[in-house]
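Listed below, chain by chain, are the residues.
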Amino acid sequence: MRQRDGEERVRTNEREPGAGAARPGRATAGFPPALIGFGLMLVAFNLRPALSSVGPLLPGIRAETGLSAALAGALVTLPVLCLGVFGRLAPLLVRRIGPDAGVLAALVVLALGLVVRGLGGVPLLFLGSVIAAAAIGIVGVILPGIVKRDFSERAGLMTGLYTALLCLGAAAGAGFTVPARRALDLGWEGALMLWAAPALVAAVAWLPFVRSRSLPSGTAARPSGAVWRDPLAWQVTAFMGLQSSLAYIVFGWLPAALVDRGFDIVSAGLVASISALAQGVLALVVPTLAARRPDQRPWVVLVVGLPLVGFTGLLVGPLALAWGFALLLGLGLGGCFGLALTLIVLRAGDPRAAAELSAMAQGIGYCGAALGPFLVGLVHEVSGGWGWPAALYVALCLGAIGFGLMAARDRTVRI
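Residues numbered from 1 in each chain as written. Predicted model: local features only at pLDDT ≥ 70, side-chain atom pairs only at ≥ 80, totals over all residues. Heavy atoms only, no water.

A. Spotlight on the overall build of the protein. Counting its regular elements, the protein contains 19 helices and 0 strands. Residues classed as buried in the protein amount to 56% of the 415 residues present. When contacts within the protein are restricted to residue pairs at least 6 apart in sequence, those whose partners lie at least 24 apart make up 84%. Entry remark: accessible area of the protein is about 16,200 Å², with carbon and sulfur atoms responsible for 67%. (Helix = DSSP H or I, 4+ residues; strand = E, 2+ residues; numbered from the N terminus. Buried < 20%, exposed > 50% of the residue type's maximum accessible area, 1.4 Å probe, protein only. Contact = heavy atoms within 4.5 Å. Areas by Shrake-Rupley, 256 points an atom, 1.4 Å probe, with all protein chains shown as cover.)

Right, here's the structure in full:
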């Protein structure tokens, strides 16, 4: 009888929240998981409008300010670079104030940056874009650790949900910025500033979680540095960087490419919006299904192959098929990003490892991804067309497939 009681106590201890159970741990005590998830969704929605809202306005910004093609490329590239550079600050911020307070602080900074870039003039446009991108980079690094901490056995589903909301935010930024500008009779400055409002809403919604949470040891621990010596971690990082480059090339240059090919600015924005909106489909489905199996290599070929066909079709294919190409492009990019975030969670053994791998993969990955939009702009300016940019995009897709196949094997990083 005593032996049976002892076995029952062991089984009970194994199910305690701190041991990685499905229910939230001590840091989330008092809040239903659905409420925490809703807060995550609001945060995720705000991680892309700051980036995707510039592309549809870029032709008008260049016309009004005289912005050169090189500076236009820098305006698209600089925020992506900031995602990586400032994402490296996330672990330091988490150690000082915790992941939940770190998310809140970054949301406030994001709203500030969105206001600053709409105050008028090219210098403030660049400054505000840097501030907003810095905040997005910090939040993006923190979120996988929160998912691993609070939803350890539902990581695929939660990653899919917040990735889908992130894609919805990208679609909103691409598709609604120009119509909102016209409906409200705003300049490009006011249209860009509008996106500060949902960021503030998310900050208010996240505030209750911060006030009631203590620092969780799993994500606040000092990084060991071992992740930097793990080949698997570098493979995850390379896949994250290459698939991010594919997405930011589209965010930055798709509307301009469509205008060059004969679309008016509103139609180009709608095509970009439909593509971004389609990202939410596979962004939700891929993480949910991929997390059910130990090996995700078949998903890599599928999700990277779709944007390879879609974006090259939009750049050099028949315009009659533009909407179909846009749909394939969006589905693939959403699947790529969802799979990349899922690999961070699945290749990590615990919340601390997830936080370290997230910081490395997104910090280094986004810095490398920034080269994509810059190179596409440079190649386009030199060649005067979109054929060579399409070839560059194909090369990046093939690289993403190669590193993705290595990162998707059933292994765990050593921390």
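B. How the structure looks around a nonpolar patch on the surface. Where nonpolar side chains cluster on the molecular surface, the patch consists of Leu 157, Val 281, Leu 284, Val 285 and Leu 289 and spans about 340 Å² of accessible area. No other element matches the 4 residues that helix α14 (residues 265-290) contributes to the nonpolar patch. Note on placement: Val 281 falls in helix α14. Of the residues examined, Val 281 reaches a relative accessible area of 45% and is grouped as partly exposed. (Patch = residues over 30% accessible without salt bridge, like charges linked within 9 Å, V, L, I, M, F, W, Y side chains within 5 Å. Salt bridge = Lys/Arg side-chain N within 4 Å of Asp/Glu carboxyl O.)

C. Expanded view of the packing of α14 against helix α15 (residues 297-316). Following both chains from N to C, one finds α14 and α15 inclined at 170°, their axes separated by 12 Å at the closest point. The angle between α14 and α15 places the two elements in the roughly antiparallel class. Facing α14, whose interface residues are Leu 282, Val 286, Leu 289 and Ala 290, α15 presents Trp 299, Val 303 and Leu 306. (Axes fitted to C-alpha atoms, helices over the stretch in contact; angles between N-to-C directions. Parallel < 35°, antiparallel > 145°, perpendicular 65-115°, else oblique.)

D. Here's a closer look at the pattern of salt bridges. Under the definition given, this model contains 4 salt bridges. Between Arg 181 and Glu 64 there is a salt bridge; the shortest N-O distance is 3.1 Å. With Arg 181 in helix α9 (residues 155-183) and Glu 64 in helix α4 (residues 54-65), the pair connects residues that are 117 residues apart, well separated along the chain. Residue Arg 297 pairs with Asp 295 through a salt bridge whose shortest N-O separation is 2.6 Å. Salt bridges here are not isolated pairs; linked through shared partners, they connect Asp 100, Arg 149 and Asp 150.

E. Representation of the packing of aromatic side chains within the structure. Across all of its chains, the model carries 5 aromatic pairs by this definition. Ring centres of Trp 228 and Trp 234 lie 5.8 Å apart, and the angle between their planes is 70°; on these two criteria the pair is classed as edge-to-face. Of the residues examined, Trp 228 reaches a relative accessible area of 30% and is grouped as partly exposed. For Trp 234, a relative accessible area of 37% gives the class partly exposed. (Phe/Tyr/Trp six-rings, centres within 6.5 Å; stacked < 30°, edge-to-face > 60°.)

F. Structural detail: unusual backbone geometry. If you check the backbone angles, Asp 185 has positive phi at about 55° while not being a glycine. Its place among the elements puts Asp 185 in the loop between α9 and α10 (188-193).

G. Representation of the packing of helix α16 (residues 322-346) against helix α17 (residues 351-369) in the model. For the pair α16 and α17, interaxial distance at closest approach is 9 Å and the crossing angle is 140°. In this view, α16 runs oblique relative to α17, as classed from their interaxial angle. When α16 is examined against α17, the residues Phe 337, Leu 341, Leu 343 and Ile 344 are found in contact with a partner set consisting of Ala 354, Leu 357, Ser 358, Ala 361, Gln 362 and Tyr 366. Here the residues of the contact of α16 with α17 sort into 8 nonpolar, 2 polar and no charged. (Nonpolar A, V, L, I, M, F, W, Y, C, P; charged D, E, K, R; others polar.)

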